[in-house]
Amino acid sequence: MPQTDKQICIPPELPDLLKQFTKAAIRSQPQDLIQWAADYFGAMSRGEIPPVREQSERVALSNWAELTPELLKILHSRVGGRLIVHADELAQMWKVLNLPTDLFNSVMNVGRFTEEIEWLKFLALACSSLGVTIAKTLKIVCEVLSSDHDSGPPRIPFSTFQFLYTYIAEVDGEISASHVSRMLNYIEQEVIGPDGLIKVNDFTQNPRVRLE
């Protein structure tokens, strides 16, 4: 007579896995739980960051329909200081923040990015969709990258500013390399202090700094 009662083996990692999934779902409050669950476990299987949204982000996002500097700052924090981000992972982060897919694709096309994306270049182009001018774009980038919180104007290392300005000018195509070089030399020699940092005011309120 065949035995019908077979012992079921429960994988030891299953309880903790389900616990973490449940906590993440409660924190994220997804509208489509099934699709969110598929994205969650899909990201984990690829070794990527699961699409978990913090409560503070969820409340703020309720009124956001388009890209904002605040959303870019959240995105930057999720990149976690990495210089290179995989395209699929960045696309997932973008999706979790409910940002428009067509804008993501536009940035990818303009930057000619492939599977591995230089994060600062992607960020610069994303900021350019918000800034009418190069100075405005760089102001937004500085605000996103700055680690200063309510302690004065946003500031970043001059080396980072130099990289971003040079790249944005190259993509723009209407600013000569010689003009970019002159502006950077002036800023480095006459504006930057011993700390090596550049403040937003240094290039937005200085009449001798004309980035365009």
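If you're wondering where the values come from, they're calculated on a predicted model, not measured in any experiment.

### Quick word on the packing of aromatic side chains
No. 1: Using the criterion set out here, one finds 11 aromatic pairs in the structure.
No. 2: Taking the centre distance of 5.0 Å and the plane angle of 25° together, the rings of F21 and F41 count as stacked. Note that F21 is positioned in helix α1 (residues 14-28) and F41 in helix α2 (residues 33-45), a separation of 20 residues in sequence.
No. 3: Residue classification places F21 among the buried positions, given a relative accessible area of 16%.
No. 4: Look at F104 and F122: their rings are 5.6 Å apart centre to centre, the planes differ by 50°, and that puts the pair in the tilted class. You can see F104 sitting in helix α6 (residues 101-111) and its partner F122 sitting in helix α7 (residues 119-128), a full 18 residues away along the chain.

### Remarks on the pattern of salt bridges
No. 1: Per the stated rule, a full pass over the model turns up 6 salt bridges.
No. 2: Residues K95 and D39 are paired through a salt bridge, measuring 3.3 Å at the closest nitrogen-oxygen approach. You can see K95 sitting in helix α5 (residues 87-96) and its partner D39 sitting in helix α2, a full 56 residues away along the chain.
No. 3: Assessed through its relative accessible area of 16%, D39 is described here as buried.

### Considering helix α9 (residues 158-172)
No. 1: Compared with the 21 Å implied by 1.5 Å per residue over 15 residues, the 21 Å span of α9 between its first and last C-alpha is a close match.
No. 2: Residues F158, T160, F161, L164, Y165, Y167, I168 and A169 constitute the buried set of α9.
No. 3: Immediately beyond the C-terminal end of α9, within one or two residues, lies G173, with a positive phi of roughly 80°.

### Focus on a nonpolar patch on the surface
No. 1: A grouping of I8, I10, L14 and L18 is seen on the molecular surface, where their side chains present a nonpolar patch of about 410 Å² in accessible area.
No. 2: Considering the arrangement of structural elements, one finds I10 in the segment before α1.

### Focus: the nonpolar core
No. 1: Membership of the largest hydrophobic core comes to 54 residues, with the highest contact counts inside it found for L90, F122, L138, F161, Y165, I187 and F203.
No. 2: Elements with a contribution of two residues or more to this core: α4 (69-79), α5, α6, α7, α8 (134-145), α9, α10 (177-191) and α11 (200-204).
No. 3: Residue contacts for F122: discarding those within four places in its chain leaves L90, W94, F104, V107, M108, F113 and I117.
No. 4: One finds F21, A24, Y40 and V52 within the second-largest nonpolar core, a separate group that totals 7 residues.

### Re the environment of E116
No. 1: Mapped onto the secondary structure, E116 falls in strand β2 (residues 116-118).
No. 2: For E116, a relative accessible area of 59% puts it in the exposed group.
No. 3: Along the backbone, E116 and D88 are 28 residues apart, and their C-alpha atoms lie at a distance of 9.1 Å.
No. 4: Beyond its immediate sequence surroundings of up to four residues, E116 is in contact with I84 and V85.

Rules behind the numbers
Position numbers for residues count from 1 along each chain, tracking the sequence in the order it is written. Two thresholds apply to this predicted model, a pLDDT of at least 70 for residue-level local features and 80 or more for giving and counting side-chain atom pairs, whereas whole-chain, interface and lining totals are computed over all residues. Remark: hydrogens and water are excluded; side-chain values derive from all non-hydrogen atoms of the structure. Only the six-membered ring of Trp is used, alongside the rings of Phe and Tyr, when aromatic pairs are assigned; centres must lie within 6.5 Å, and planes under 30 degrees apart are stacked while those over 60 apart are edge-to-face, with the rest tilted. Elements are defined by DSSP. Helices are runs of H or I of four residues or more, strands are runs of E of two residues or more, and each kind is numbered from the N terminus. Exposure classes here rest on a 1.4 Å probe applied to the protein chains alone. A residue is buried below 20% of its type maximum, exposed above 50%, and partly exposed in between. When a carboxyl oxygen of Asp or Glu is within 4 Å of a side-chain nitrogen of Lys or Arg, the pair counts as a salt bridge. The span one expects for a helix is its residue count, reduced by one, times 1.5 Å. Each patch is built from salt-bridge-free residues with over 30% relative accessible area, joining like charges within 9 Å and nonpolar side chains (Val, Leu, Ile, Met, Phe, Trp, Tyr) within 5 Å. In short, Shrake-Rupley with a 1.4 Å probe defines the accessible areas, and a residue's cover is counted only from the protein chains shown. Working definition of a nonpolar core: buried Ala, Val, Leu, Ile, Met, Phe, Trp, Tyr and Cys residues. They are joined through side-chain atoms within 4.5 Å. Residue contacts follow a heavy-atom distance rule, with two residues in contact if any of their heavy atoms lie within 4.5 Å.

Without other data, these values stay purely geometric and don't point to any function.
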